Amino acid sequence: MAEQPAKKLEPLHAVKGMNDILPPDSARWEWFEAKVRALMARYGYANVRTPIVEPTPLFVRGLGEVTDIVEKEMYSFEDAMNGDRLTLRPEATAGIVRAMIEHNALYNGPLRLWSNVSVFRHERPQKGRSRQFHQIDVEALGFAGPDVDAEQILMCRALLRDLGLTDSDVRLELNSLGQPAERMAHRAALIAYFEAHADRLDEDARRRLHSNPLRILDTKNPSMQTLVEAAPKLIDFLGAASLAHLQAVRDILDAAGVVYRINPRLVRGLDYYNLTVFEWITERLGSQGTVCGGGRYDGLFEQLGGKPTPAVGWGMGVERMLLLLDAVGVAIPVTAPDVYAIVPAAGSLTVAMAYCEVLRGAGVSVLMHAGGHSMKAQFKRADASGARFALVFGPDEVARGEVALKALRDPAAPQRTLPLAGVAEWAASLRTA
Ligand code: ATP
Ligand code: MG
């Protein structure tokens, strides 16, 4: 049979709204994640990892049927093997709570947890809004007091500071959603108010009027802002206990010098919140200005079939944080190797690789030139790598048991030679310098 010429295949593309994170940008992500890990250690939060895919009913029950996410943003599909209804997680909390209930993980007492997750929402992609994005998620499970609400806000402020942001870059808004009974009284007032102005409601709001009127307050429609501004405020329906909880959070924040504003319209996008809710917002990213949001969700464990368990948490959008750091001009240190190894002759390669292993063993980072090329080309790559030093494994030096050392960031420094037997010692001096 005659051989067919190979057919040229069309290149494939990533799914719309799902981004590749490539070097050098990925180094900024690693820098950010290292700051996050250090923060979690300082506050005693333990890492948790749960599956990306969960049964669809977890989110329908957990987030509420009349939320943006459940109504129109979930990537849901049928398992082709057994027909199960599955969803790519659109947020982190429901999965973590499911795991806690399933493993009875709070058996020995409350837990402080954090996670770094990819999440998926079918939204219109734009700056600061993608379909796969990343969240740093923090949860304190089994604590009822306002002290832990405040702790979580303090943590978030500490992270923002660690990243080089100030109060003029991000502001904190705080509110209380009270308890279910208080929300019911407010809900009745809200429905009456919106019914009286039915002609000014958009389609979304009309649909939500009787199913979830609180959500109308969360609208992003500019033409509804004045109407929503004058709506009955939940904070006016709170009883003594809810007000005391809010005041206790405020007292701690005030004592710690946290700047915030009470925003009675802040309701958050998910149904599971009660009492404390908060958002960190920036003016620098247009309408995608919320970089972090969170609050208390004491009802979620029961909602998902667990024992009543108080809980509080927040989620921070990593893409938006990196955009914000860019907009503010925060300098993120670039990572570069300590040493670029130049190998002008193939015959030196074996020795060069052995000594580069010695260097790496001593904690020095070494980028090894590969693929031959002229000295000039190798020096060009060495410069581009950002390395502090080039080690040149020339055949004559190697034959003498030496290697040439050049300080790349200091053109005035003369080239010198190191005995190969002394590279470990030189590496140690680098580490302590
Ligand atoms: P928004 O009102 O902007 O849609 P949200 O209330 O839906 O935000 P949360 O569910 O609270 O957002 O998620 C926590 C954080 O994740 C947000 O504060 C934001 O920084 C980020 N985030 C939310 N949706 C997206 C998205 N589609 N792309 C990138 N980041 C996002
Ligand atoms: Mg949203």
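Look a little higher up for the structure.
To keep things clear, this report deals only with the structure shown in the data block. From a predicted model like this one, the values you see are computed outputs, not experimental measurements.

### Some thoughts on the overall build of the protein
Looking only at helices and strands, the protein features 16 helices and 16 strands. Relative to its length of 433 residues, the protein is extended, with a C-alpha radius of gyration of 28 Å against a globular reference of 22 Å. The dimensions of the protein, computed from C-alpha atoms along their principal axes, are 90 × 75 × 45 Å. Expressed as a percentage of its 433 residues, the buried residues of the protein come to 48%. Counting only contacts in the protein whose residues sit at least 6 apart along the sequence, the fraction spanning at least 24 positions is 70%. Taken as a whole, the protein presents about 21,600 Å² of accessible surface, with 55% of it coming from carbon and sulfur.

### Things to note about the pairing of strand 14 (residues 389-392)
Burial of the side chains of strand 14 extends over both faces: Phe-389 and Leu-391 are buried on one face and Ala-390 and Val-392 on the other. By the bridge criterion, 4 bridges tie strand 12 (residues 339-342) to strand 14 in an arrangement that is parallel. Among the inter-strand pairings, Ala-341 is bridged to a residue of strand 14, identified as Leu-391.

### So, the side chain of Glu-54
Here Glu-54 shows up in strand 2 (residues 53-55). Here the side chain of Glu-54 touches Arg-98 through a polar contact of 2.9 Å, side chain to side chain. In this view, Glu-54 contacts Phe-59, Arg-85, Leu-86, Thr-87, Gly-95 and Arg-98; residues no more than four positions away in its chain are not counted.

### Concerning the sheet that holds strand 3 (residues 76-78)
Two modes of strand pairing occur in sheets, parallel and antiparallel, and in both the strands are linked by backbone hydrogen bonds. In spatial order, the strands read 2-4-3; together these 3 strands make up an open sheet with antiparallel pairing. What marks the edges here is a single partner per strand, and that holds for strand 2 and strand 3. Each strand of the sheet is rotated relative to its neighbour by a mean of 35°, with strand direction disregarded. Bridge count for strand 2 against strand 4 (residues 85-88) is 3 bridges, and the pairing is antiparallel. Bridging across to strand 4, Val-53 finds its partner in Leu-88. Strands strand 2, strand 3 and strand 4 of the sheet are contacted by helix 2 (residues 56-63), whose axis makes an angle of about 75° with strand 2.

### Section: the environment of Leu-163
When you line up the elements, Leu-163 lands in the loop between helix 5 (146-162) and strand 7 (171-176). C-alpha of Leu-163 to C-alpha of Asp-338: the two residues are 175 residues apart in sequence and 25 Å apart in space. Ignoring any residue separated from it by four or fewer positions in sequence, one finds Leu-163 in contact with Trp-31, Phe-32, Lys-35, Met-321, Leu-325 and Val-330.

### What about the sheet that holds strand 1 (residues 46-47)?
A sheet is described by the order of its strands in space; here 8 strands give the open sequence 1-5-6-11-10-9-7-8, paired in mixed fashion. Strands at the two margins of the open sheet, each flanked by one partner only, are strand 1 and strand 8 (261-262). In the sheet, strand 9 (residues 274-281) pairs with strand 10 (residues 290-296) via 6 bridges, with the strands oriented antiparallel. Within strand 10, the residue paired with Trp-280 across the bridge is Cys-292.

### A short note on the packing of helix 5 against helix 10 (residues 240-255)
As a packed pair, helix 5 and helix 10 sit with axes 9 Å apart at the nearest point and diverge in direction by 40°. One finds that helix 5 runs oblique with respect to helix 10. Considering how the two elements wind past one another, helix 5 and helix 10 form a crossing that is right-handed. Across the interface between the two elements, Pro-146, Asp-147, Asp-149, Ala-150, Ile-153 and Leu-154 from helix 5 touch His-245, Ala-248, Val-249, Ile-252 and Leu-253 from helix 10. Of the residues belonging to the contact of helix 5 with helix 10, the class tally is 8 nonpolar, 1 polar and 2 charged.

### Side note on the site of ligand 1
Surrounding ligand 1, one finds 15 residues, the nearest of these being Arg-121, Glu-123, Lys-220, Arg-268 and Thr-290. Arg-129 places a polar side-chain atom, nitrogen or oxygen, 2.9 Å from an oxygen atom of ligand 1. In the environment of ligand 1, an oxygen atom lies 3.0 Å from a nitrogen or oxygen atom belonging to the side chain of Arg-320. Isolated, ligand 1 exposes 580 Å² of accessible area, and the fraction of that covered by the protein chains is 91%. Of all the elements in the fold, those that place two or more residues in the shell around ligand 1 are strand 6 (132-141), strand 10 and strand 11 (311-317). The element best represented in the shell around ligand 1 is strand 10, accounting for 3 residues. Residue classes in the shell around ligand 1 are distributed as 3 nonpolar, 6 polar and 6 charged.

### As for the pattern of salt bridges
All told, the structure shown has 23 salt bridges when counted by the stated rule. A salt bridge links Arg-208 to Asp-68; the shortest N-O distance between them is 2.8 Å. In this pair, Arg-208 sits in helix 7 (residues 203-208) while Asp-68 sits in helix 3 (residues 68-73), placing the two residues 140 residues apart along the sequence. With its nearest N and O atoms 2.7 Å apart, the salt bridge here joins Arg-261 to Glu-173.

### Let's talk about the packing of aromatic side chains
For any two aromatic rings, the description comes down to two numbers: the centre-to-centre distance and the angle of the planes. In this structure the tally under the stated criterion is 2 aromatic pairs. Ring geometry for Tyr-193 against Phe-194: centres 5.3 Å apart, planes inclined by 65°, an arrangement best described as edge-to-face. The interplanar angle of 80° and the centroid separation of 5.3 Å between the aromatic rings of Phe-389 and Trp-426 together place this pair among those described as edge-to-face. One end of the pair, Phe-389, is in strand 14; the other, Trp-426, is in helix 16 (residues 423-432), with 37 residues separating them in the sequence. An identical accessibility class is assigned to Phe-389 and Trp-426; each is buried.

Scoring rules and cut-offs
Residues numbered from 1 in each chain as written. Chains lettered and ligands numbered in written order. Predicted model: local features only at pLDDT ≥ 70, side-chain atom pairs only at ≥ 80, totals over all residues. Heavy atoms only, no water. Helix = DSSP H or I, 4+ residues; strand = E, 2+ residues; numbered from the N terminus. Rg over C-alpha atoms; globule rule 2.2 N^0.38 Å. Buried < 20%, exposed > 50% of the residue type's maximum accessible area, 1.4 Å probe, protein only. Contact = heavy atoms within 4.5 Å. Areas by Shrake-Rupley, 256 points an atom, 1.4 Å probe, with all protein chains shown as cover. Pairing = 2+ DSSP bridges. Polar contact = N/O pair within 3.5 Å; in protein donor to acceptor, adjacent residues only side chain to side chain. Axes fitted to C-alpha atoms, helices over the stretch in contact; angles between N-to-C directions. Parallel < 35°, antiparallel > 145°, perpendicular 65-115°, else oblique. Left-handed = near helix turned anticlockwise from the far one by under 90°. Nonpolar A, V, L, I, M, F, W, Y, C, P; charged D, E, K, R; others polar. Near = heavy atom within 4 Å. Salt bridge = Lys/Arg side-chain N within 4 Å of Asp/Glu carboxyl O. Phe/Tyr/Trp six-rings, centres within 6.5 Å; stacked < 30°, edge-to-face > 60°.

None of the figures reported here should be taken as evidence of function without further support.
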